[in-house]
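# Fold and contact review
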Amino acid sequence: MRQALVIGNWKMNGSLQQSSELLHTIDSAINDKISAEIGVCVPFVYIDLARRVLGSSKLKTGAQTLSEFKSGAYTGEVSADMLTEFDCHWVLVGHSERRQLFSEKNAALVLKVIAAQKAGLTPVYCVGETEAEYKAGDRFKVIDGQLQGLLTNKEVDLKMLVLAYEPVWAIGTGMTASPEDAQEVHAFIRELIKNKAESTADKIRILYGGSVNANNAASLFVQQDIDGGLIGGASLDAKAFISICQKA
Ligand code: 13P
């Protein structure tokens, strides 16, 4: 049985005051009725704030990316060890915005996953096709390509990994994949894992992301291979985010 997981991705939003209020509000609304595991990936500069506000809360902090390098002359980068020093638990790797806007490639993303795991972080590795790839009927091929390097690398610990399917055309557009459509892709991803690591395939959590909100969350989460959500816009609204967490 896989425990449901909901992670908010704040992206590059908020201010110190807004972040503090949002963390306090979400944290105080989390109670025993929420059985899902919950995380929030905040901008680097608010990670220490999250650490101080959340303490030992059920709500765990995450980062939105990390460096594949351990330390050294890499201006602007943040290492896995630095993140664990601030009690980070999660880290997103290969979000489509990192792939598209910052040219991050699969080979480097696999190194980021390995660096994260070595430091004790749990990486959330994101995959998903663009609208053009979807329309061309290429989405399974694209997702396969994004996952092969990861699944075949012996240094990657599949037991310490979360995957997220985020169709690029659904991110921030209000156009969610239908539950059946998303389930088909999630089942495909699980099958890919099964081919490489039969025993872990049923244990790996695969999140769906892309315009998830309080109204559509339940119909997505009820699907057999959808184990929770990676939430963008709606994670900036405490009420909507908590409502999504309750549905998981
Ligand atoms: P939205 O929920 O705003 O569509 O963003 C999804 C996402 O990119 C989460 O990582």
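My aim in this report is to walk through the structure given alongside it, one point at a time. Keep in mind it's a predicted model, so treat the numbers as computed, not measured. (Residues numbered from 1 in each chain as written. Predicted model: local features only at pLDDT ≥ 70, side-chain atom pairs only at ≥ 80, totals over all residues. Heavy atoms only, no water.)

## Observations concerning the sheet that holds strand β5 (residues 122-127)
The 8 strands are arranged β1-β2-β3-β4-β5-β6-β7-β8 in a closed barrel whose pairing can be described as parallel. Strand-to-strand, the axes of this sheet are offset by a mean angle of 25°, without reference to chain direction. (Pairing = 2+ DSSP bridges. Helix = DSSP H or I, 4+ residues; strand = E, 2+ residues; numbered from the N terminus. Axes fitted to C-alpha atoms, helices over the stretch in contact; angles between N-to-C directions.)

## Topic: the site of the ligand
All residues adjacent to the ligand are Asn9, Lys11, His95, Glu166, Ala170, Ile171, Gly172, Gly210, Ser211, Leu230, Gly232 and Gly233. Between the ligand and the protein, one listed contact pairs an oxygen atom with a side-chain N or O atom of His95 at 2.8 Å. With the chains in place, 95% of the 310 Å² that the ligand exposes on its own is no longer accessible. Within the shell around the ligand, the residues separate by chemical class into 3 nonpolar, 7 polar and 2 charged. (Near = heavy atom within 4 Å. Polar contact = N/O pair within 3.5 Å; in protein donor to acceptor, adjacent residues only side chain to side chain. Areas by Shrake-Rupley, 256 points an atom, 1.4 Å probe, with all protein chains shown as cover. Nonpolar A, V, L, I, M, F, W, Y, C, P; charged D, E, K, R; others polar.)

## With respect to the pattern of salt bridges
Using the criterion set out here, one finds 18 salt bridges in the structure. Glu97 is the salt-bridge partner of Lys11, the closest N and O atoms lying 2.8 Å from each other. With Lys11 in the loop between β1 (5-9) and α1 (16-29) and Glu97 in helix α4 (residues 96-101), this pair connects stretches of sequence that are 86 residues apart. Note that Lys194 and Asp202 form a salt bridge whose closest N and O atoms lie 4.0 Å from each other. Lys194 gets classed as partly exposed once you look at its relative accessible area, which sits at 25%. A single salt-bridge network, built from bridges that share partners, covers Arg2, Arg190, Asp225 and Asp227. (Salt bridge = Lys/Arg side-chain N within 4 Å of Asp/Glu carboxyl O. Buried < 20%, exposed > 50% of the residue type's maximum accessible area, 1.4 Å probe, protein only.)

## Here's the deal with the packing of α1 against helix α2 (residues 47-54)
When two helices pack together, their arrangement is given by the angle between their axes and by how far apart the axes lie. Orientation of α1 relative to α2, taken along the N-to-C sense of each, is 35°, at an axis distance of 10 Å. As α1 packs across α2, the resulting crossing turns out to be right-handed. The residues of α2 that touch α1, namely those facing Leu16, Ser19, Ser20, Leu23, His24 and Asp27, are Leu49, Ala50, Val53 and Leu54. When its residues are assigned to classes, the contact of α1 with α2 shows 6 nonpolar, 3 polar and 1 charged. (Left-handed = near helix turned anticlockwise from the far one by under 90°. Contact = heavy atoms within 4.5 Å.)

## A short note on helix α8 (residues 179-196)
Here α8 contains 18 residues, and its C-alpha end-to-end distance of 26 Å stays within 8% of the 26 Å for a straight helix at 1.5 Å per residue. If you check which residues of α8 are buried, you get Pro179, Asp181, Ala182, Gln183, Val185, His186, Ile189, Arg190, Leu192 and Ile193. (Expected span 1.5 Å × (residues − 1).)

## Describing the nonpolar core
If you look at the biggest cluster of nonpolar residues, it comprises 70 residues, and the most contacted ones within it are Tyr125, Leu147, Leu163 and Ile189. Counting residues per element, this core draws most heavily on helix α11 (residues 238-247), at 6 residues. Each residue touching Tyr125, except ones within four places of it in the same chain, is listed here: Val93, Arg99, Asn106, Leu109, Val113, Gln146, Leu147, Leu150, Leu161, Val162, Leu163 and Ala164. (Core = buried A, V, L, I, M, F, W, Y, C linked by side-chain atoms within 4.5 Å.)

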